[in-house]
Number of protein chains: 2
Amino acid sequence: MWFTEHYQNDIKFSIEVQEHIYSEKSNYQQIDFYKNKTFGTFFTLDGFMMVTQKDEFIYHDMISHVPMAVNPNIKNVLIIGGGDGGTAREILRYKSISSVDMVEIDERVVRLCQKFLPQTASSLDDDFRLKIYFEDGLKFVQNSSSEQYDLILVDSTDPIGPGEGLFTYEFYNNCNRILTKEGILINQHESPYYEQDAYEMKRSHSKIKKTFPIAKVYQFHMPTYASGHWLFGFASKKYDPIKDLKSNLWNNLNLQTKYYNTDLHIGAFMLPTYVKQQLESNY
Amino acid sequence: MWFTEHYQNDIKFSIEVQEHIYSEKSNYQQIDFYKNKTFGTFFTLDGFMMVTQKDEFIYHDMISHVPMAVNPNIKNVLIIGGGDGGTAREILRYKSISSVDMVEIDERVVRLCQKFLPQTASSLDDDFRLKIYFEDGLKFVQNSSSEQYDLILVDSTDPIGPGEGLFTYEFYNNCNRILTKEGILINQHESPYYEQDAYEMKRSHSKIKKTFPIAKVYQFHMPTYASGHWLFGFASKKYDPIKDLKSNLWNNLNLQTKYYNTDLHIGAFMLPTYVKQQLESNY
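Note that this is a predicted model, so its numbers are computed, not measured. (Residues numbered from 1 in each chain as written. Chains lettered and ligands numbered in written order. Predicted model: local features only at pLDDT ≥ 70, side-chain atom pairs only at ≥ 80, totals over all residues. Heavy atoms only, no water.)

Trainee: Would you mind showing me how to read the overall build of chain A here?
Mentor: In terms of regular secondary structure, chain A is built from 10 helices and 13 strands. Computed over its C-alpha atoms, the radius of gyration of chain A comes to 18 Å, within 12% of the 19 Å expected for a compact globule of 283 residues. With respect to the principal axes defined by its C-alpha atoms, chain A has extents near 50 × 45 × 35 Å. The burial tally for chain A puts 64% of its 283 residues in the buried class. A sequence separation of at least 24 residues applies to 67% of the contacts in chain A between residues at least 6 apart. Counting only carbon and sulfur atoms, one obtains 47% of the accessible surface of chain A, whose full area is about 10700 Å². For chain A, the centre of its 29 positive side-chain charges and the centre of its 36 negative side-chain charges are spaced 5 Å apart. (Helix = DSSP H or I, 4+ residues; strand = E, 2+ residues; numbered from the N terminus. Rg over C-alpha atoms; globule rule 2.2 N^0.38 Å. Buried < 20%, exposed > 50% of the residue type's maximum accessible area, 1.4 Å probe, protein only. Contact = heavy atoms within 4.5 Å. Areas by Shrake-Rupley, 256 points an atom, 1.4 Å probe, with all protein chains shown as cover. Lys, Arg positive; Asp, Glu negative; His and termini not counted. Charge placed at Lys NZ, Arg CZ, Asp CG, Glu CD.)

Trainee: How do you make sense of helix 3 (residues 107–116) of chain A when you look at a structure like this?
Mentor: Helical geometry note: an α-helix holds 3.6 residues per turn, so side chains three or four residues apart project in the same direction. When helix 3 of chain A is considered as a whole, its buried residues turn out to be V109, V110, L112, C113 and F116 of chain A. Those residues of helix 3 of chain A that are buried lie in contact with strand 3 (19–25), strand 4 (30–36), strand 5 (40–45), strand 8 (99–103) and helix 4 (118–121) of chain A.

Trainee: Which parts of the structure should I look at to understand the interface of chain B and chain A?
Mentor: In many reports, interface size means the accessible area that the parts give up when they come together. Chain B puts 42 residues into the contact, and the matching count from chain A is 42 residues. When the area that chain B buries against chain A is broken down by residue, the three leading residues are D10, Y193 and H221 of chain B, summing to 20%. In this assembly, chain B and chain A are joined by 0 salt bridges. On the surface where chain B and chain A come into contact, there are 29 residue pairs in polar contact (both at pLDDT 80 or more). Going through the elements one at a time, strand 1 (2–8), strand 2 (11–16), strand 12 (214–221), helix 9 (262–268) and helix 10 (273–280) of chain B are the ones with two or more residues in the side of chain B that touches chain A. For the side of chain B that touches chain A, the class distribution of residues is 18 nonpolar, 15 polar and 9 charged. Strand direction decides the pairing type here: strand 2 (residues 11–16) of chain A and strand 2 of chain B, joined by 5 bridges, are antiparallel. Its bridge partner being in strand 2 of chain B, I15 of chain A is matched across the sheet by I11 of chain B. (Buried area = accessible area lost by both parts, 1.4 Å probe. Salt bridge = Lys/Arg side-chain N within 4 Å of Asp/Glu carboxyl O. Polar contact = N/O pair within 3.5 Å; in protein donor to acceptor, adjacent residues only side chain to side chain. Nonpolar A, V, L, I, M, F, W, Y, C, P; charged D, E, K, R; others polar. Pairing = 2+ DSSP bridges.)

Trainee: Can you walk me through the domain arrangement of chain A in this structure?
Mentor: Residues and elements named next belong to chain A. Partitioning chain A into structural domains gives domain 1 (2–51) and domain 2 (56–280). Between the C-alpha centres of domain 1 and domain 2 the distance comes to 23 Å. Across the contact, 19 residues belong to domain 1 and 21 residues belong to domain 2. Where domain 1 abuts domain 2, roughly 1900 Å² becomes buried across the two surfaces, and 72% of that area is made up of carbon and sulfur atoms. When the area that domain 1 buries against domain 2 is broken down by residue, the three leading residues are Y7, Y28 and V51, summing to 28%. Along the contact surface separating domain 1 from domain 2 lie 1 salt bridge. Close ionic contact of R108 with E24 constitutes a salt bridge, the shortest N to O distance being 2.7 Å. Applying the counting rule to domain 1 against domain 2 returns 4 residue pairs in polar contact (both at pLDDT 80 or more). When grouped by side-chain class, the residues that make up the side of domain 1 that touches domain 2 number 14 nonpolar, 4 polar and 1 charged. (Domains from an automatic or database assignment.)

Trainee: Before we go on, may I ask you to explain helix 10 of chain B in this structure?
Mentor: Listing the buried residues of helix 10 of chain B in full gives T273, Y274, V275, Q278 and L279 of chain B. In this structure, the buried side of helix 10 of chain B is in contact with helix 1 (56–70) of chain A together with helix 7 (195–211), strand 12 and strand 13 (229–236) of chain B.

Trainee: Help me out: how do you make sense of the sheet that holds strand 12 of chain B in this one?
Mentor: Strand-to-strand pairing in sheets goes through backbone hydrogen bonds, with the strands running parallel or antiparallel. Residues and elements named next belong to chain B. Spatial ordering of the open sheet is given by 9-8-7-10-11-13-12, a layout of 7 strands whose pairing is mixed. Since the sheet does not close on itself, it has two edges, and those belong to strand 9 (130–133) and strand 12, each with one partner. Strand-to-strand twist in this sheet, taken as the mean axis angle between neighbours without regard to direction, amounts to 15°. Where strand 7 (residues 76–81) meets strand 10 (residues 149–155), 5 bridges bridge the pair, whose relative direction is parallel. Of the residues in strand 10, the one forming a bridge with L78 is I152. (Axes fitted to C-alpha atoms, helices over the stretch in contact; angles between N-to-C directions.)

Trainee: What's the story with the pairing of strand 10 (residues 149–155) of chain A in this structure? I'm lost.
Mentor: Residue and element names in this part refer to chain A. Buried residues dominate strand 10, accounting for 7 of its 7 residues. Sheet topology places strand 10 next to strand 11 (residues 179–188); 5 bridges connect them, and they run parallel. Directly across from V154, in strand 11, lies its bridge partner N187. What joins strand 10 to strand 11 is helix 6 (residues 169–178), and the crossover it makes is right-handed. (Right-handed = clockwise from strand over helix to strand, strands pointing away.)

Trainee: Which parts of the structure should I look at to understand the relation of the copies chain B and chain A?
Mentor: For these two chain copies, the linking operation is a rotation about an axis paired with a shift along it. When chain B is fitted onto chain A, the two copies agree to an RMSD of 0.0 Å after a turn of 180° and an axial shift of 0.0 Å. Given the turn and translation reported, the copies of this chain are related as if by a two-fold rotation axis. Minimal C-alpha distance to the rotation axis in chain B is attained by G267 of chain B, lying at 1.7 Å. A shared binding surface is used by both copies, with 100% of the interface residues of chain B retained as interface residues in chain A. (Least-squares fit on C-alpha atoms with pLDDT ≥ 70 in both.)

Trainee: Looking at this model, I keep getting lost on the pattern of salt bridges. Mind explaining?
Mentor: A pair can form between side chains of opposite charge whenever their charged atoms are brought close. The tally for this structure, following the rule as stated, stands at 20 salt bridges over all chains. The partner of R129 of chain A in a salt bridge is D127 of chain A, with the nearest N and O atoms 3.0 Å apart. When the shortest N-O distance is used, the salt bridge between E200 of chain B and R203 of chain B registers 3.0 Å. With a gap of 3 residues between them, E200 of chain B and R203 of chain B both fall in helix 7, about one helical turn apart. Residue class for R203 of chain B comes out partly exposed when judged on its relative accessible area of 25%. One network of salt bridges, in which partners are shared, links E56, R89, E90 and R93 of chain A.

Trainee: Looking at this structure, I do not really get the environment of L138 of chain A. What am I missing?
Mentor: Residues and elements named next belong to chain A. Within the secondary structure layout, L138 lies in helix 5 (residues 137–142). Once the C-alpha coordinates of L138 and L166 are considered, the two residues, 28 residues apart in sequence, prove to be 6.4 Å apart. Beyond its immediate sequence surroundings of up to four residues, L138 is in contact with G165, L166, T168, E170 and F171.

Trainee: Where do I start with the packing of helix 6 (residues 169–178) of chain B against helix 7 of chain B in this structure?
Mentor: Any two packed helices are characterised by the angle at which their axes cross and by the distance between the axes. All names here are of chain B. Direction vectors running N to C along helix 6 and helix 7 enclose 35°, while the axes themselves pass 10 Å from each other. Note on packing geometry: the crossing formed by helix 6 with helix 7 is right-handed. Note on element contacts: helix 7 touches helix 6 through S204, S206, K207, I208, K210 and T211, opposite Y169, Y172, N173 and N176. (Left-handed = near helix turned anticlockwise from the far one by under 90°.)

Trainee: What exactly am I supposed to notice about the packing of helix 7 of chain B against helix 10 of chain B here?
Mentor: Residue and element names in this part refer to chain B. Across the interface, helix 7 lies against helix 10 with an axial gap of 8 Å and an inter-helix angle of 55°. One element, helix 7, and the other, helix 10, form an angle in the oblique class. Contact residues: A198, M201, K202, H205 and K209 in helix 7; Q278, L279 and E280 in helix 10. A breakdown of the residues in the contact of helix 7 with helix 10 according to their chemical character gives 3 nonpolar, 2 polar and 3 charged. (Parallel < 35°, antiparallel > 145°, perpendicular 65-115°, else oblique.)

Trainee: Quick question: what am I supposed to make of the pairing of strand 12 of chain B here?
Mentor: Strand residues, when the strand is regular, have side chains that alternate between the two faces of the sheet. Residue and element names in this part refer to chain B. By the criterion of burial, strand 12 is predominantly enclosed, with 7 of the 8 residues buried. Bridge count for strand 12 against strand 13 is 8 bridges, and the pairing is antiparallel. Bridge pairing in strand 13 places Q219 opposite L231.

In structure tokens:
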């Protein structure tokens, strides 16, 4: 038995299933946990790969450490999505962090990851700095008071299904409003390679660059996402992700990371020409 | 009908075949050409993906322009492998190049690419600077006189089958001997992600760093190779790929490229921590 994800109608990636651990249709989406020899435990939402034990460190390193190395004074963090807990796990490694609000629309994702994927979800159990809200992220930012977060991490699914509202002007405007003057927004920014992903990438970037004075994009190698070429957006009111990188400060923290390092940080913003052109195009 | 490549026994990537254009068993390997809607024409050797119309620009940009931007005085080039013609095509865009010797063990690859894949192979038709030798690359470098090439590009298959000799000390030592004092060697350097690829990556790097005073590795996003995370090696007698990069000179050439640019050049050498550790490990 194989789990298969279609990257296009005519392109597919398949993983042999040793065990279909669990399957449930929640109020929001179809949730499945599987086990595979190479990738370990992995889970999917509506048939799309979310997290594998083998390569989750790549995604979670890149969403978390890039902004933390630019502004080491970040104290209050909002995570939108991220129900598997990997993003919270990395952020909570910083002793300087005072509070993390995590807003996950689907409580079942959190509960099931706590049960089947402790590698990422054990961080959600017992840190007094973390509060989890089982709410719609779009509504949460609407109802949040202004200038209260130093960092927002949008660890979302694709803009189809429950993640759709997190790719709208309304959402980005509210993020801007509730971020402090030194605030940074990181968002899951799709991929430049396959047509539908590239379309969403351009659409998202077009909106973010109209909302924030600084809007950059950075890349990483994510083998279990379509094409393996995936992006995060870095938007901010003040900080440039390269000019304001505090390499020495970050390295002095002595955090052990498997993917991220401060040289890679710089390299990740150096994009292929065709990706730069896609992002510069008026959309 | 689908073309399927197994990345591991339990991981596979599949491409729907609109047309199986051609199939032949040459003296060296099984050669197949296919057509797919997303990737266009692509060809495989012994069932492994070599080139697709959609993403060949990535591989050929990165093997060619990185060394040319470090040493713009390169005149005499040796390409080992590269039967599809994409590497020769990019190198021959430089007017400063005087001669390119291309050594492809399997004439049938060249002839069939000329017929079915003109996007890469048309460069092999009529440039007076290019000579093609249908010989074993390992023997060719053994029999070449010393210090005659400024650049060697090893555009090879994996170290299984006909490509095997191109991953040996004997081969690297001969490359070193036939390169000028300013010589650069670029080689197809496998991938850090799946176990067998990572094993070959470490083995290859271990040998090259014992052969050349400067031995670095750089990465690129290649969606149709296993994991999408692929590497080239940059070995040289004199030039550091970052310190000696001539960005202004290269940009003044006004070559249009879809993947390569001189910022990306720098970024490509910034490797994830786990890849750096694999490469540093004594092997």
